[in-house]
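Coordinates in review
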Amino acid sequence: MAGAAKINLAEKLALVDERWSPRVVGDVNDVQVKLVKLAGEFVWHRHEAEDELFLVLRGRLVMRFRDREEVLAPAS
């Protein structure tokens, strides 16, 4: 892994002031790693050609699907 750099996600997220404004903080293979601060409700949507991974560092994220609801929170 020559050239790979360690990134502290909490430190990078502390630099983000705006809500709903994703910031690219790195790349893993051909995938961008983005950080974003959320607040309030976001309308359901989908991506045709990409996947998303959600990692909650603080607070909680309620994801409502057609058939269920998932609550994400930081690992304890």
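Residues numbered from 1 in each chain as written. Predicted model: local features only at pLDDT ≥ 70, side-chain atom pairs only at ≥ 80, totals over all residues. Heavy atoms only, no water.

Attention now goes to the side chain of Lys-37. Mapping Lys-37 onto the fold places it in the loop between β2 (31–35) and β3 (61–64). At 5.4 Å, Asp-17 is the nearest oppositely charged side chain to Lys-37, a buried residue that forms no salt bridge. Setting aside residues no more than four positions away along its own chain, Lys-37 makes contact with Leu-13, Val-16, Glu-18, Arg-19 and Trp-20. (Helix = DSSP H or I, 4+ residues; strand = E, 2+ residues; numbered from the N terminus. Buried < 20%, exposed > 50% of the residue type's maximum accessible area, 1.4 Å probe, protein only. Lys, Arg positive; Asp, Glu negative; His and termini not counted. Salt bridge = Lys/Arg side-chain N within 4 Å of Asp/Glu carboxyl O. Contact = heavy atoms within 4.5 Å.)

All right, on to the environment of Lys-37 then. For Lys-37, a relative accessible area of 17% corresponds to the buried category. Once the C-alpha coordinates of Lys-37 and Trp-20 are considered, the two residues, 17 residues apart in sequence, prove to be 6.0 Å apart. A distance of 2.7 Å separates the side chain of Lys-37 from the backbone oxygen of Val-16, its partner in a polar contact. (Polar contact = N/O pair within 3.5 Å; in protein donor to acceptor, adjacent residues only side chain to side chain.)

Moving on, we get to the side chain of Ser-21. As for its placement among the helices and strands, Ser-21 is situated in the loop between α1 (9–14) and β1 (23–28). For Ser-21, the side chain forms a polar contact with the side chain of Arg-23, separated by 2.4 Å. Excluding its chain neighbours within four sequence positions, the residues that come into contact with Ser-21 are Val-16, Leu-35 and Val-36.

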